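So you can see what is in the structure, the chains are spelled out below.
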Amino acid sequence: MACCGVIPVKCCEITVGMMRTPVRFERKTRTPNGSGGFVDTWSSLPGSATRAHVKNLSGFERLQQDRVNAETKLRLVCRYFAGLRPDDRVIIEDRAHNIRFVNDVEFRKRWYELDLSGGVAV
């Protein structure tokens, strides 16, 4: 059985009651802008999970080019749905987060465990 240090990811230990945080999964699409070019827009993934268990892993601030940049790392557990890719993004409380790693827990297509980073360019 798989196990991580922050969230237990054994399939029998994940419950629906843990899914308290509303989330939205989005994918970047190219749409024509009417002038012969294209614009990148984000659209919601149909059939994706709408609730998840989110755990903060770490956060830090860094001074770069006379600006303070804050970055957070999160772990998200949600129900499995087909078609999720690492280049998609997750919206949690109106903040966009990059997906860094997608883990299908025990390859059983029941739960996803995602490593996210926030406060970075999306």
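Summary of the structure given here. Small disclaimer: the values here were computed from a predicted structure and weren't measured. (Residues numbered from 1 in each chain as written. Predicted model: local features only at pLDDT ≥ 70, side-chain atom pairs only at ≥ 80, totals over all residues. Heavy atoms only, no water.)

Re the side chain of E26
Logical step 1: On the secondary structure map, E26 appears in strand 1 (residues 21-32).
Logical step 2: Judged by its relative accessible area of 6%, E26 falls in the buried class.
Logical step 3: Looking at E26, its side chain comes within polar contact range of the side chain of R24, at 2.9 Å.
Logical step 4: Here E26 is in contact with W42, S43, S44, L45, D88, R89 and I91, once residues within four sequence places are set aside. (Helix = DSSP H or I, 4+ residues; strand = E, 2+ residues; numbered from the N terminus. Buried < 20%, exposed > 50% of the residue type's maximum accessible area, 1.4 Å probe, protein only. Polar contact = N/O pair within 3.5 Å; in protein donor to acceptor, adjacent residues only side chain to side chain. Contact = heavy atoms within 4.5 Å.)

Digging into the nonpolar core
Logical step 1: Formed by 16 residues in total, the largest nonpolar core has its most connected members in F25, L76, V90 and L114.
Logical step 2: Mapped onto this core, the elements with two or more residues apiece are strand 1, strand 4 (67-79), strand 5 (89-92) and strand 7 (111-118).
Logical step 3: Every residue in contact with V90, bar those within four places of it in the chain, is listed here: V23, R24, F25, L76, R95, A96, H97, I99, L114 and L116.
Logical step 4: Of all hydrophobic cores here, the second largest spans five residues; its members include I14, M19, V105 and W111. (Core = buried A, V, L, I, M, F, W, Y, C linked by side-chain atoms within 4.5 Å.)

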